[in-house]
There are 2 protein chains.
Amino acid sequence: MSLRLNSSDPDFAAQFDRLVNARRDGDADVRRDVSAIIDAVRARGDAALEEYTTRFDDHSLSSKGWQIDAAEMQAAFGGLDAELREALELAASRIRSYHEAQLPQDRDYTDETGVRLGARWSAVDAAGLYVPGGRAAYPSSLLMNAIPAKVAGVQRLVVVTPTPKSEVNPLVLAAAHLAGVDEVWRIGGAQAIAALAYGTDKISPVDVVTGPGNAWVAEAKRQLYGVVGIDMVAGPSEIVVVADGDNDPNWIAADLLSQAEHDPTSQSILFTDDAAFANHVEDCLNVLVGKLATHKVARESWDSNGAIITVGSLDEAMPLVNRLAAEHLELAVSDPDALFAKVRHAGSVFLGRHTPEAIGDYVAGPNHVLPTGRRARFSSGLSVLDFMKRTSFIGLDESSLGKLGPATAALAHAEGLPAHALSVEKRLVK
Amino acid sequence: MSLRLNSSDPDFAAQFDRLVNARRDGDADVRRDVSAIIDAVRARGDAALEEYTTRFDDHSLSSKGWQIDAAEMQAAFGGLDAELREALELAASRIRSYHEAQLPQDRDYTDETGVRLGARWSAVDAAGLYVPGGRAAYPSSLLMNAIPAKVAGVQRLVVVTPTPKSEVNPLVLAAAHLAGVDEVWRIGGAQAIAALAYGTDKISPVDVVTGPGNAWVAEAKRQLYGVVGIDMVAGPSEIVVVADGDNDPNWIAADLLSQAEHDPTSQSILFTDDAAFANHVEDCLNVLVGKLATHKVARESWDSNGAIITVGSLDEAMPLVNRLAAEHLELAVSDPDALFAKVRHAGSVFLGRHTPEAIGDYVAGPNHVLPTGRRARFSSGLSVLDFMKRTSFIGLDESSLGKLGPATAALAHAEGLPAHALSVEKRLVK
């Protein structure tokens, strides 16, 4: 049974606080395990990778192979049926266009003091993408991670993916071919992240590691943050739907279930100003969920983490929506812009009645790798910027140094840094 | 005695590898201590802050006060001598201008399929800045952290700073007044970072924490990454100078020392194609260092971590410079643009003979918070983007959903996510 709240309940504030602050992350203490795995890969390189892969994935790297080669990826792509190939191509093309428009502008100008200033963006040399094995191996995730890297200009794009019992997901290989991935290694878990960060004899290190993974993968990324760049730490996924009573309750029920079916820890929350509509949505949901092949997961997620919150008006919902700072936010109303103007924190917003969140998962163009667990308060979805870095630059001549030098020397002396002052003063006195 | 290498030495490659991979970070195992401090602040809040502050800073929060109020900051600013006040104002004004030009553009457009797409940037609600106590308390650092946050639009800007024996640095308070800091709390160390991340009864939590600190502060930021946003993990500072023989060796010697005087773990490296010039620089450095109030630190840094590398040509130096991916890079030549075109990885570049690095520390405008320890391979200096986040948005109508819906449903079915498909199919069939 999902949670039902009404903003006019006397204890609503306390109940909503509990909803906002509830932790859905698994609490397993994986820190120590991950730390040991990282140390082993750093110390023993490929030998450690072989041992962990045999143990965890039941795959022998030395006898069954370390890499999946380009021909195998191409064959997987060639083997797709036409509808699926065209769908993947449409997705790739739209993701590429959206991310190309994200490419940042360099700056190079001389200000009124005669100081040349600027910033130059460039891609990292190499990026590593984690692709989970099993249920969570999504070709769409591969596209969403690989295409921004390629658009950024990354020259070497490396995929690591566990292949339990040597099996691989052909859809993922097809997507890797389409996205232009350069290397695919049959390794997974924390050991794969460690190999990407430090490198081994076989695998050259990369500069940035992105992509979803289980708790061990996430913890390895967290521990190696600073050795390599990473995308934001990801937790369980969530959707908030703000809907008035004029929606088809079946549509909204399907939207809530589309989040719930991901994982038992996923969360779907509906805000509505119409108590009768809230009941209709729940009734529809209870019918629809039974028909899903994913019904066990969806049911468990909805019962454990789902919520329907009735509010006096949708405007009144918006401060609550901002506190949740959800990964996905649907505004299923006729005039979504009026509500969107009040959104301060959200990963991605889906405007109007005809924009189900699933469109953003696949073909719309914006990235589906988005901040979870209220992290939209301070972080953004994956973009080309995650695969680039900015070098600032400064150029002075004798004249402009004459103008900025004395203030610099005064501040350096005040901070107790005489060599800083000296480096300027030597150039001022001729 | 600093290191001397020549690129024509037979074992140069191995020697340079050692230089690139040397770790200068302190190896103290602070992880466990920091973890315990974070847990204590999370569990016991202000009481834990009081205990740690009494123990580590010899300052009693309950009797001597928790905060420094606005009047005290204003008084510090008013008490500055005119030269210093004007220097701080010049710095603040130039930093503000440079960072205002960094503000990102929103996007909102409808593509040829009739899909509305875009991205909207907004500031985080609150940011916390760590300001070290003692030797490393620099007013310039306060400006470099606070001004980008204010330019980004952050409404609540909180400084935490340890005040050992209740003493405060009036220059830092003056800078806080100038930058418009909203709150200053007399707490430091890992406990201050934990308080900013989780909040206590007295201190409301923030969304992003930036600013330099010792190993405990850096480790606390690392451990709390994901609970809050942080700037890049920072290590010891470094400069690489690429200089031909036409430079005044005293200028270059002062530049190398300006990095060395920061800390014994700092690193200064000179590349030159002129062996005689290399000797002149070292001679000048040995004279200059003795005159510095900071000579002990500068001497220790130069002897332990300094290096002069003679190369056949400056062009030949550039791949080596890129491997070092230094925080600061001076190109002290007549035509710096030719070399700059070959720079792939550097935090900030100082162009030409009249641009000592110290100019960038104070008044040039670009941020002096820059990636250290080879992290310029994948990260950038502090900017307004560190205090902002991007919300993407998608809007479809019946017509555009008709065009993108079938591909979405096909991919959702292929990924085994039927509710995703259903959320689209329900809207397609009328």
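Keep in mind it's a predicted model, so treat the numbers as computed, not measured.

Turning our attention to the domain arrangement of chain A. How big an interface is tends to be stated in terms of accessible area lost as the parts join. By domain assignment, chain A separates into domain 1 (3-25 + 235-364), domain 2 (31-230) and domain 3 (396-428). Summarising the inter-unit geometry, the C-alpha centres of domain 2 of chain A and domain 3 of chain A are found 46 Å apart.

According to UniProt, the "binding site: Zn(2+)" (unreviewed entry) feature falls on Gln-259, His-262, Asp-361 and His-420 of chain A. Spanning 162 residues, the named residues do not form one spatial group; their C-alpha atoms are separated by as much as 56.0 Å. You can call His-262 of chain A partly exposed: its relative accessible area is 21%. Along the chain, His-420 of chain A turns up in helix α17 (residues 418-428). His-420 of chain A has contacts with Ala-412 of chain A together with Ser-258, Glu-261, His-262, Glu-357, Ala-358, Asp-361 and Tyr-362 of chain B, leaving out every residue within four places of it along the chain.

Its rotation angle being 180°, the transformation that places chain B on chain A also includes 0.0 Å of axial translation and leaves an RMSD of 0.0 Å. Both copies are brought into coincidence by an operation consistent with a two-fold rotation axis. Both copies contact each other with a shared surface, as 99% of the interface residues of chain B are interface residues in chain A too.

Another aspect to go through is the interface of chain B and chain A. Across the contact, 128 residues belong to chain B and 128 residues belong to chain A. Both faces combined, the contact of chain B with chain A buries some 10600 Å², and carbon together with sulfur accounts for 57% of it. Taken as a group, Tyr-225, Ile-394 and Arg-427 of chain B account for 8% of the area that chain B buries against chain A, more than any other trio of residues on that side. Of the charged contacts in the structure, one is a salt bridge between Asp-337 of chain A and Arg-116 of chain B, with a shortest N-O distance of 3.0 Å.

Quick look at the sheet that holds strand β15 (residues 388-395) of chain B now. Two pairing modes exist for strands in a sheet, parallel and antiparallel, and in both the strands are linked by backbone hydrogen bonds. The mixed open sheet is built from 9 strands, whose spatial order is β1(A)-β12(A)-β11(A)-β10(A)-β13(A)-β14(A)-β15(B)-β4(B)-β3(B). The strands lining the two open edges of the sheet, one partner per strand, are β1 (3-6) of chain A together with β3 (107-110) of chain B. Each neighbouring strand pair of the sheet contributes to a mean axis angle of 15°, computed without reference to strand direction. Sheet topology note: the strand β10 (residues 238-243) of chain A/strand β13 (residues 328-332) of chain A ladder contains 5 bridges and is parallel.

Moving on to the nonpolar core. For soluble globular proteins, nonpolar side chains are generally found buried alongside one another. Among the nonpolar cores identified, the biggest contains 204 residues, and Leu-142, Leu-143 and Ile-187 of chain A together with Leu-142, Leu-143 and Ile-187 of chain B are the most heavily contacted of them. If sequence neighbours within four positions are ignored, Ile-187 of chain B has contacts with Leu-49, Thr-53, Leu-61, Val-160, Thr-161, Pro-162, Ala-192, Ala-195 and Ile-203 of chain B.

What follows is about the packing of aromatic side chains. Per the stated rule, a full pass over the model turns up 11 aromatic pairs over all chains. Arranged with centres 5.7 Å apart and planes meeting at 25°, the rings of Phe-12 of chain B and Phe-16 of chain B form a pair that is stacked. Taken together, the residues Phe-12 of chain B and Phe-16 of chain B, both in helix α1 (residues 12-21) and 4 residues apart, mark about one turn of the helix. Judged by relative accessible area, Phe-12 of chain B falls into the buried class, the value being 7%. The structure contains a cluster of three or more aromatic residues connected by ring pairs, namely Phe-12, Phe-16 and Phe-271 of chain A. Residue placement shows Arg-120 of chain A over the ring face of Phe-340 of chain B; its charged tip is 3.7 Å from the ring centre.

All names here are of chain B. A positive phi angle, near 55°, is found at Asp-58, a position not held by glycine. Looking at the secondary structure, you find Asp-58 in the loop between α3 (46-57) and α4 (61-64). In this structure, Ser-166 is a non-glycine residue whose phi angle is positive, near 70°.

Where strand β3 (residues 107-110) of chain A and strand β4 (residues 116-123) of chain A come together, 4 bridges link them in antiparallel fashion. Within β4 of chain A, the position partnered with Arg-107 of chain A by the bridge is Ala-119 of chain A.

Quick look at the UniProt feature "binding site: substrate" (unreviewed entry) in chain A now. UniProt's entry tags Ser-237, Gln-259, His-262, His-328, Asp-361, Glu-415 and His-420 of chain A with the feature "binding site: substrate" (unreviewed entry), counted in the numbering of this structure. Spanning 184 residues, the named residues do not form one spatial group; their C-alpha atoms are separated by as much as 56.0 Å. Mapped onto the elements of the fold, His-328 of chain A is located in strand β13. Residues contacting His-328 of chain A, with those up to four places away along its chain left out, are Ser-237, Glu-238, Ile-239, Val-240, Gln-259, Ser-348, Phe-350, Glu-357, Asp-361 and Leu-370 of chain A. Mapped onto the fold, Glu-415 of chain A is located in the loop between α16 (398-414) and α17. With near-sequence residues (within four places) excluded, Glu-415 of chain A lies in contact with Tyr-138, Pro-139, Ser-140 and Tyr-362 of chain B.

Residues and elements named next belong to chain A. Across the interface, α16 lies against α17 with an axial gap of 8 Å and an inter-helix angle of 150°. Classified by the angle between their axes, α16 and α17 sit roughly antiparallel to one another. The chirality of how α16 crosses α17 is left-handed. For the pair α16 and α17, the contacting residues are Leu-401, Gly-402, Gly-405, Pro-406, Thr-408, Ala-409, Ala-412 and His-413 in the first and His-420, Ala-421, Val-424, Glu-425, Arg-427 and Leu-428 in the second.

Time to look at helix α8 (residues 189-198) of chain A. Residues and elements named next belong to chain A. With 9 of its 10 residues buried, α8 lies for the most part within the structure. Listed in full, the buried residues belonging to α8 are Gly-189, Ala-190, Gln-191, Ala-192, Ile-193, Ala-194, Ala-195, Leu-196 and Ala-197. Lining the buried residues of α8 we find α2 (31-57), β5 (126-130), β6 (156-160), β8 (208-210) and α9 (215-224). Remark: Gly-199 follows α8 within two positions and exhibits a positive phi of approximately 75°.

Criteria and thresholds
Residues numbered from 1 in each chain as written. Chains lettered and ligands numbered in written order. Predicted model: local features only at pLDDT ≥ 70, side-chain atom pairs only at ≥ 80, totals over all residues. Heavy atoms only, no water. Domains from an automatic or database assignment. UniProt positions renumbered as here; feature names shortened; annotations may be inferred. Buried < 20%, exposed > 50% of the residue type's maximum accessible area, 1.4 Å probe, protein only. Helix = DSSP H or I, 4+ residues; strand = E, 2+ residues; numbered from the N terminus. Contact = heavy atoms within 4.5 Å. Least-squares fit on C-alpha atoms with pLDDT ≥ 70 in both. Buried area = accessible area lost by both parts, 1.4 Å probe. Salt bridge = Lys/Arg side-chain N within 4 Å of Asp/Glu carboxyl O. Pairing = 2+ DSSP bridges. Axes fitted to C-alpha atoms, helices over the stretch in contact; angles between N-to-C directions. Core = buried A, V, L, I, M, F, W, Y, C linked by side-chain atoms within 4.5 Å. Phe/Tyr/Trp six-rings, centres within 6.5 Å; stacked < 30°, edge-to-face > 60°. Lys NZ or Arg CZ within 6 Å of the ring centre and 35° of its normal. Parallel < 35°, antiparallel > 145°, perpendicular 65-115°, else oblique. Left-handed = near helix turned anticlockwise from the far one by under 90°.

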